[in-house]
Amino acid sequence: MFAIVRTGGKQYRVAAGDKIVVEKLDGEAGSSITLGDVLLAGEGSELKPTDGLTVSAEIVAQEKGEKVIVFKKRRRHNYRRKNGHRQNHTILKITAIGAQETKKKAAKAKATEGDAPAAAEA
């Protein structure tokens, strides 16, 4: 199964077990994160509905990217500026694609249904 998720203003095609490099996300290495903005999901050539679908991932590392040199020059004006920049990145390992939030909500709903009749009787 694959999914297309949006994070950091970019879109990524992911499947279980993939490693992707995204814009910096909060979290420590080893912690898990949920990507809820799923745009498309499918298996093979068959598409699936994305209502309530989430992608769970594990943060592998927080790193800096390659250095980008910014060089500005205006000819014949003795103007030269050199600057460098390294963008922060997060490396994610996709663990599962599925509706895990709905399972938690269903468990909470069952727990509240069991409490509701007891409260009505009292």
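Here the structure is a predicted model, which is why all the values come from computation and not from measurement. (Residues numbered from 1 in each chain as written. Predicted model: local features only at pLDDT ≥ 70, side-chain atom pairs only at ≥ 80, totals over all residues. Heavy atoms only, no water.)

S.K.: Explain a positive patch on the surface to me, using residue names and the numbers behind them.
M.R.: A surface patch of like charges, here positive, comprises Lys-64, Lys-67, Lys-82 and Arg-86. Structurally, Lys-64 is set in strand β7 (residues 54–74). (Patch = residues over 30% accessible without salt bridge, like charges linked within 9 Å, V, L, I, M, F, W, Y side chains within 5 Å. Areas by Shrake-Rupley, 256 points an atom, 1.4 Å probe, with all protein chains shown as cover. Salt bridge = Lys/Arg side-chain N within 4 Å of Asp/Glu carboxyl O. Lys, Arg positive; Asp, Glu negative; His and termini not counted. Charge placed at Lys NZ, Arg CZ, Asp CG, Glu CD. Helix = DSSP H or I, 4+ residues; strand = E, 2+ residues; numbered from the N terminus.)

S.K.: I'd like to hear about the pattern of salt bridges, residue by residue, with values.
M.R.: This structure, assessed with the given rule, holds 3 salt bridges. Salt-bridge contacts for Lys-10 lead to Glu-23; the nearest nitrogen and oxygen are separated by 2.8 Å. Taken together, the positions of Lys-10 in strand β2 (residues 10–15) and Glu-23 in strand β3 (residues 19–23) put the pair 13 residues apart, joining distant regions of the chain.

S.K.: I'd like a description of the environment of Val-5, backed by residues and values.
M.R.: Mapped onto the fold, Val-5 is located in strand β1 (residues 2–7). With a relative accessible area of 0%, Val-5 lands in the buried category. Expressed as a C-alpha distance, the spacing of Val-5 and Asp-37, which sit 32 residues apart in the sequence, is 5.7 Å. In this structure Val-5 touches Lys-10, Gln-11, Tyr-12, Val-14, Leu-35, Asp-37, Val-38 and Val-55, once residues within four positions along its chain are discounted. (Buried < 20%, exposed > 50% of the residue type's maximum accessible area, 1.4 Å probe, protein only. Contact = heavy atoms within 4.5 Å.)

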